[in-house]
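Summary of structural features
Each chain, letter by letter, is given below.
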2 protein chains.
Amino acid sequence: MNPIRRGPPLTLAPDGLSRRRILVGAAGLAGAAVAETAAADSLADVPARGPGAALSDRSERSEFVHLARVPESTPGRRHIDAAEAINSKAPLDKLVGTITPADLHYERSHSGTPEIDPAKHRLLVHGMVKTELVFNMNDILSMPSTSRVAFLECTGNGWENWKEAPPDVTVQNTHGLISTNEWTGVPLSFLIDLVGVERNSTWMLAEGGDGSAVARSIPLTDEIVAEGMLAFGQNGEPLRPAHGFPLRLFLPGFEGNLNIKWLRRLKFGDRPFMTRWETARYTQLQADGRARQFQLKQEVNSVITAPSGMMTIHPGYNRITGLAWSGNGCIVRVEVSTDGAKTWKDAQINLPALPKSQTRFQIDWNWDGIPTKLVSRSTDEKGNVQPDRATFIAMTGTNALFHYNAQQTWAIGADGVVRNVLA
Amino acid sequence: MNPIRRGPPLTLAPDGLSRRRILVGAAGLAGAAVAETAAADSLADVPARGPGAALSDRSERSEFVHLARVPESTPGRRHIDAAEAINSKAPLDKLVGTITPADLHYERSHSGTPEIDPAKHRLLVHGMVKTELVFNMNDILSMPSTSRVAFLECTGNGWENWKEAPPDVTVQNTHGLISTNEWTGVPLSFLIDLVGVERNSTWMLAEGGDGSAVARSIPLTDEIVAEGMLAFGQNGEPLRPAHGFPLRLFLPGFEGNLNIKWLRRLKFGDRPFMTRWETARYTQLQADGRARQFQLKQEVNSVITAPSGMMTIHPGYNRITGLAWSGNGCIVRVEVSTDGAKTWKDAQINLPALPKSQTRFQIDWNWDGIPTKLVSRSTDEKGNVQPDRATFIAMTGTNALFHYNAQQTWAIGADGVVRNVLA
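Everything numeric in this text was worked out from a predicted model, so none of it was measured.

About the criteria used
Residues numbered from 1 in each chain as written. Chains lettered and ligands numbered in written order. Predicted model: local features only at pLDDT ≥ 70, side-chain atom pairs only at ≥ 80, totals over all residues. Heavy atoms only, no water. Least-squares fit on C-alpha atoms with pLDDT ≥ 70 in both. Contact = heavy atoms within 4.5 Å. Buried < 20%, exposed > 50% of the residue type's maximum accessible area, 1.4 Å probe, protein only. Helix = DSSP H or I, 4+ residues; strand = E, 2+ residues; numbered from the N terminus. Pairing = 2+ DSSP bridges. Axes fitted to C-alpha atoms, helices over the stretch in contact; angles between N-to-C directions. Phe/Tyr/Trp six-rings, centres within 6.5 Å; stacked < 30°, edge-to-face > 60°. Lys NZ or Arg CZ within 6 Å of the ring centre and 35° of its normal. Salt bridge = Lys/Arg side-chain N within 4 Å of Asp/Glu carboxyl O. Buried area = accessible area lost by both parts, 1.4 Å probe. Polar contact = N/O pair within 3.5 Å; in protein donor to acceptor, adjacent residues only side chain to side chain. Nonpolar A, V, L, I, M, F, W, Y, C, P; charged D, E, K, R; others polar. Arc of directions from axis to C-beta.

**Regarding the relation of the copies chain B and chain A**
- For the pair chain B and chain A, the superposition axis carries a translation of 0.0 Å, the fit reaches an RMSD of 0.0 Å, and the rotation angle comes to 180 degrees. The symmetry that links the two subunits is that of a two-fold axis.
- The fraction of interface residues of chain B whose copies in chain A are also interface residues reaches 100%, indicating that both copies meet through the same surface.

This is the structure we're talking about:
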């Protein structure tokens, strides 16, 4: 089952109007609409129940639930072989709440997914430290650990809409490079104390154990030292190979590629290490042709996940829901426009709105059947407001590929089909 | 990999003592111990890395990770066929953090697991209401929803230790009937407003759609009305069939069997409905031979998950970790004894300690190799302290089967093997 599938048109039951009068005060627009369809329903079709399947050692998904990521390549290259894929996007349109199941957490890798024997894995810590050390996984698992629910987002999330807007895409295609898990690991601050990082060390090189040995320079800001962790768990279990098993760096709020998977080396220094990943790959080409380095924090963002791309809705009551997030902390406000950004209403934010986590929002809406556009706009605790696309492009130009956080607009046609548009 | 597997004995590297002197101040006992093994390690055995597996539509577990529940029957009936099982326990000894993966969430059912087509599922709401209504799943999914991380616990959790203590069991056997998920659903208060429950209705009958139609009477306390939900999601995805797909009741902090799975009926009334489940099944036989009905709230509890039953530890540094929880709200304190409850130390509680959720605790320990006993004792925000077994049995006798929350004692032998004992 798709949990946010739109129902059939809401039809008025014979006594729907009087019932509506009774109920609308207490349960609002949604209550009135649902009571109308519910009154027309019956128990006639409910099958009798017999003994169910035996208990098992794992609870699998229902045969009626179809959840999968979509492997894709660079912008506009969809429907490709998995072997060609460079990322695999999470089905935001079919998820509920805020957590992403571990098997559906988005993937982005440069040399595929290595299968690492944890007994043979090592982490070398060296550079400007009192003591160079090589840790095995038993060492790591003997250290104090902490857990935190937080999002991880590929810096390329949203790149589909940088230059043009393919109309026939889903929110999985446009925004599926973000996920939220409970991460468990050793505080980076503990490791820094343990190896005795020198006082004047201001950068850390993190290197992954995949074939291409992705390596990034990470500034040792107070925020990163306080919140970073060497993660070995996600959603209560050991990391899955695609997400860095047995060990990855996790830096809440910072672009995905810094959260080095299959972590095998940390080197401390007093300047950035200038790897090819921060010269050839993860630099941001500005409108004037110059490139910007080290734009590391993920910005305030949001997207309506239902109704969203390629869904079909019907006139009448429709619940609007979506996700908002910011690398700067908590989401404090989400506004929704149902008239193409002319007027805005505050959506309900589901609490608790955790810092640096996806936050669910929702709002009632009655569609009158006239073509229109839906937009969401989020604000974080630091006062950052998600920009509209025109403002965003005026700031950044269209040469860039990363850190796209402009408001997402979904157009709804007279046929009720939802399509991706630029504004 | 078992993430909490104990490592080999900690051996002192040639220069271990001097390194220990450098590091112990900053990183404490764990840091000193780990630095000693780390100094003896090298990168010699790390295999070279080539291209990894292609990206996929789901991230499976590592071939080195073995996670499964164990299906069991009534107390003492282990190692049985799945067809005979009445519950299936979560592997607490192998989990990290606080969330339980959905496929490892414990199961307890009376007629196995039905596979329900959500298009044919209906929820009848009737009794003392203004409007009797039949809802389909599209109705439910159109309503406002909320999400909350909370534990669910079978009221029989711990029953292994009511009368005797089988020595050769794991913490999965003794305490595996508890799990924590992010639950998403419609607030019960919304449904109550929608159908217009009468003011003098004080109880609600909830009936499941499995073969045995489990049905329980639920008091409409302020707490249950405010916190209850009609859940359709767990950990970000639709419920799995074993956990009630497509719809279950979820009442944070209340015994598992009230959280009716495959929910098909809610009837409102002004007294309990006295189903067979609250006369023949879920009553608590007291020491004096009388039975207690409606003991519904899960008590303050805790258990050390490592070291725990059937693990082997070695003299020297060992990290102690475990889980604590209470149906009354947040865990505010966990104490650990490493000398059989003679002396106690405060363990570190991992934050945030969410209300009615499993809370992770941990503490450093150096084992001197002499046989001893490990015990944990939790305190909740209402001031409830987990009782020792003698006090608990003095209060409740040994006729009962449910709501066992006495302190768990793990005995460690001279051989380092951890075994279950009564105190």
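**As for the pairing of strand β21 (residues 359-367) of chain A**
Residue and element names in this part refer to chain A.
- Across the 9 residues that make up β21, a large majority, 7, are buried.
- Where strand β17 (residues 316-325) lies against β21, 9 bridges are found, and the strand directions are antiparallel. Paired with I320 across the strands is I363, a residue of β21.
- Looking at chain direction, strand β20 (residues 348-349) and β21 are connected through 2 bridges and run antiparallel.

**Here we look at the sheet that holds strand β5 (residues 133-136) of chain B**
All names here are of chain B.
- Taken in spatial order, the 5 strands of this open sheet run β5-β4-β13-β8-β9, and their pairing is mixed. The outermost strands of the open sheet, each flanked by one partner alone, are β5 and β9 (215-219). Strand-to-strand twist across the sheet, computed as the mean angle between neighbouring axes with direction ignored, equals 20 degrees.

**Observations regarding the packing of aromatic side chains**
Residue and element names in this part refer to chain A.
- One pass over the full model with this rule turns up 14 aromatic pairs over all chains.
- Where W162 meets Y404, the ring centres are 5.3 Å apart and the plane angle is 70 degrees; that geometry is what we call edge-to-face. Placement of W162 in the loop between β6 (146-153) and α3 (171-175) and of Y404 in the loop between α6 (389-396) and β23 (409-412) is noted, with a sequence separation of 242 residues between them.
- Assessed through its relative accessible area of 4%, Y404 is described here as buried.
- Grouped by ring-pair contacts, the aromatic residues W162, F392 and Y404 constitute a single cluster.
- Its guanidinium or amino end placed over the ring of W277, R276 lies 4.5 Å from that ring's centre, counting from NZ or CZ.
- Sitting over the face of the ring of W344, R377 holds its NZ or CZ atom 4.0 Å from the ring centroid.

**Observations regarding the pattern of salt bridges**
All names here are of chain A.
- Counted according to the given criterion, the structure contains 44 salt bridges over all chains.
- Between E227 and R148 there is a salt bridge whose closest N-O contact spans 2.8 Å. Taken together, the residues E227 in helix α5 (residues 222-227) and R148 in strand β6 connect sequence positions 79 residues apart.
- Within this structure, R148, E223, E227, K297 and K356 form a network of salt bridges that share partners.

**Observations regarding the pairing of strand β6 (residues 146-153) of chain B**
Residue and element names in this part refer to chain B.
- Among the 8 residues in β6, 6 count as buried, and that is most of the element.
- Sheet topology note: the β6/strand β7 (residues 178-187) ladder contains 8 bridges and is antiparallel. Each bridged residue has a counterpart across the sheet, and for V149 the counterpart in β7 is E182.

**What about the interface of chain B and chain A?**
- The interface of chain B with chain A comprises 121 residues on the first partner and 121 residues on the second.
- When chain B packs against chain A, the two sides together hide about 9500 Å² of surface, and 59% of this comes from carbon and sulfur.
- Applying the counting criterion to the chain B and chain A interface returns 2 salt bridges.
- Note that E237(B) is salt-bridged to R61(A), the shortest N-O span being 2.7 Å.
- Inspection of the chain B/chain A interface yields 42 residue pairs in polar contact (both at pLDDT 80 or more).
- A per-element tally of the side of chain B that touches chain A places helix α1 (residues 16-39) of chain B first, with 12 residues.
- Class assignment for the residues of the side of chain B that touches chain A results in 55 nonpolar, 39 polar and 27 charged.

**Focus: the sheet that holds strand β9 (residues 215-219) of chain A**
All names here are of chain A.
- Pairing is mixed across the open sheet formed by 5 strands, whose spatial order is β5-β4-β13-β8-β9. With one partner strand each, in any of the chains shown, β5 (133-136) and β9 form the two edges of the open sheet. Averaged over all pairs of adjacent strands, the angle between their axes in this sheet comes to 20 degrees, without regard to strand direction.
- In the packing of helix α4 (residues 188-195) onto the sheet, the strands contacted are β4 (122-127), β5, β8 (203-208) and β13 (263-269), and the crossing angle to β5 comes to about 135 degrees.

**A word on the environment of L29(B)**
Residues and elements named next belong to chain B.
- By secondary structure assignment, the location of L29 is in helix α1.
- On the accessibility criterion, L29 (28% relative accessible area) is partly exposed.
- With 105 residues separating them in the primary sequence, L29 and V134 have C-alpha atoms 61 Å apart.

**Focus: α6(A)**
Residues and elements named next belong to chain A.
- Of the positions making up α6, those classed as buried are R389, F392 and T396. Take α6 and look down its axis: the buried residues cluster within an arc of 65 degrees, on one side only. Of the exposed residues in α6, the ones pointing more than 90 degrees away from its buried face are A390 and A394.
- The distance from a side-chain oxygen at the start of α6 to the backbone nitrogen of A390 is 3.1 Å, and the residue carrying that oxygen is D388.
- After α6 finishes, the residue G397 shows a positive phi value of roughly 75 degrees.

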